[in-house]
Amino acid sequence: MAYFDNFIYSNLEYRKNQNLERFPSSNNYLQAFCSTDIKLVGSFEYTSYNRFAKDVRRLLRKYNVSEINITKFIKLFHNDLNSLDFEVNVIGKRKGIFDLISINEIEEIALARGDLNKLYLNKYLYEYEQNDPEIIELKKKLQKRIALNTKISDEKKKIINAFSRKRLKPFIMNINPKFDSQLVMEGNKIVPENTYLGKVELNQIFIKVKNLITKYVDIIYFAAYWKSLNQQVLERYN
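Residues numbered from 1 in each chain as written. Predicted model: local features only at pLDDT ≥ 70, side-chain atom pairs only at ≥ 80, totals over all residues. Heavy atoms only, no water.

**Some remarks on helix α5 (residues 78-98)**
Note the threshold: The way it works is that DSSP assigns letters per residue, a run of H or I at least four long becomes a helix, a run of E at least two long becomes a strand, and they are numbered from the N terminus. Expected helix span is computed as 1.5 Å times (number of residues minus one). Only protein chains enter the accessibility calculation, which uses a 1.4 Å probe. A residue is then buried if its area is under 20% of the maximum for its type, exposed if over 50%, and partly exposed in between.
With 21 residues, α5 should reach 30 Å at 1.5 Å per residue; the first-to-last C-alpha distance of 31 Å fits that figure. Among the residues of α5, those classed as buried are D80, L81, L84, D85, V88, N89, V90, I91, G92, K93, G96 and I97.

In structure tokens:
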């Protein structure tokens, strides 16, 4: 095993000194991307819905929307939110597949630690590591790198704006007819209580929900990107 370890480190150091990428030729790389892209479609994690449900419930209560209609609002927007989740997952994972510098950084940590079992046998590397100081520090560095990348920022902004224009705004501005009446007690009588939001309130809700979605996109993108980086490291050893 010592000989094997030395071989890996020697190969790593040689390629670093020669400025070579530790990945197959460009043709194989594109093939790996295509096959990985197809394979990863089924592995996306749709995480926005729970955040959305919690945040929107808190928001709509401030506008005196009844609980039954808050729940309806959230459920009606579920599929639209999943479509956004999917799109952002795709671009985040694609960025991870092609980010050789960051892939190499993760691989170097694993090799320096001698995590050969993880590299050769495990399904995951550091995707779900929450307490490791070195991994936490690396993730912070990568998050800063992503935040400073204007191309990525522009791509995310384009997705958010298109989604808000085509799906979010029409949904919110036309929500009133979808609200149900709720029976409430007034004195000794049971009367229907209707939820109705004025144009100013609807615009306010739209802006606040768009801000929430912007936050979700950043979270989804980085999570998909980070998982993709780790999986690309493991691909080199499988």
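**A closer look at the pattern of salt bridges**
Defined as follows: Between Lys or Arg on one side and Asp or Glu on the other, a salt bridge is scored when a side-chain nitrogen of the former is within 4 Å of a carboxyl oxygen of the latter.
Here the structure, examined in full by the defined rule, presents twelve salt bridges. With a shortest N-O distance of 2.8 Å, E134 and R113 are connected by a salt bridge. Residue E134 is found in helix α8 (residues 133-147), and its partner R113 is found in the loop between α6 (100-112) and α7 (116-121); the two are separated by 21 residues along the sequence. Given a relative accessible area of 41%, E134 falls into the partly exposed group. Given a relative accessible area of 31%, R113 falls into the partly exposed group. Here the salt bridges do not stand alone but share partners, grouping D55, R58 and K215 into one network.

**Let's talk about the packing of aromatic side chains**
The criterion, for reference: Each aromatic pair joins two rings of Phe, Tyr and Trp (for Trp, the six-membered one) with centres within 6.5 Å, and gets the label stacked for planes under 30 degrees apart, edge-to-face for over 60, and tilted for any other angle.
Counted under the stated rule, the structure contains seven aromatic pairs. Ring geometry for F77 versus F163: centroids 5.9 Å apart, planes at 65°, classification edge-to-face. With F77 in the loop between α4 (67-76) and α5 and F163 in helix α9 (residues 150-173), the pair connects residues that are 86 residues apart, well separated along the chain. Taken individually, F77 and F163 each receive the classification buried, so the pair is uniform in this respect. The interplanar angle of 55° and the centroid separation of 5.8 Å between the aromatic rings of F222 and Y225 together place this pair among those described as tilted. Here the residue F222 and the residue Y225 both occupy positions in helix α10 (residues 199-235), the gap between them amounting to three residues, near one helical turn.

**What about the packing of helix α3 (residues 48-61) against α5?**
Inclusion rule: Here an axis means a line fitted to C-alpha atoms, over the contact stretch when the element is a helix, while the angle between two N-to-C directions is reported on a 0 to 180 degree scale. Here the word oblique covers every angle except those under 35 degrees (roughly parallel), over 145 (roughly antiparallel) and from 65 to 115 (roughly perpendicular). Each crossing gets its handedness from the near helix: less than a right angle anticlockwise from the far helix is left-handed, clockwise is right-handed. Contacts: residue pairs with any heavy atoms within 4.5 Å of one another. Residue polarity follows a fixed list, in which Ala, Val, Leu, Ile, Met, Phe, Trp, Tyr, Cys and Pro are nonpolar, Asp, Glu, Lys and Arg are charged, and the others, Gly among them, are polar.
With their axes 9 Å apart at the nearest point, α3 and α5 run at an angle of 130° to one another. Comparing their axes, α5 and α3 come out oblique. Taken as a pair, α3 and α5 cross one another with a handedness that is right-handed. Here S48, Y49 and F52 of α3 come into contact with α5, specifically with H78, L81 and D85. For the contact of α3 with α5, a count of residues per class yields three nonpolar, two polar and one charged.

**So, the nonpolar core**
Going by this rule: Throughout this description, the term nonpolar core refers to a set of buried Ala, Val, Leu, Ile, Met, Phe, Trp, Tyr and Cys residues connected via side-chain atoms within 4.5 Å.
Counting residues in hydrophobic clusters, the biggest one holds 56 residues, and the most contacted among them are F52, L119, I172, V209, I213 and W226. Looking at this core, the elements with two or more residues in it are α3, α4, α5, α6, α7, α8, α9 and α10. The greatest single-element share of this core, amounting to 16 residues, is contributed by α10. With near-sequence residues (within four places) excluded, F52 lies in contact with R57, F73, I74, F77, L81, V209 and Y216.

From the geometry alone we can't say anything about function, so treat these as descriptive.
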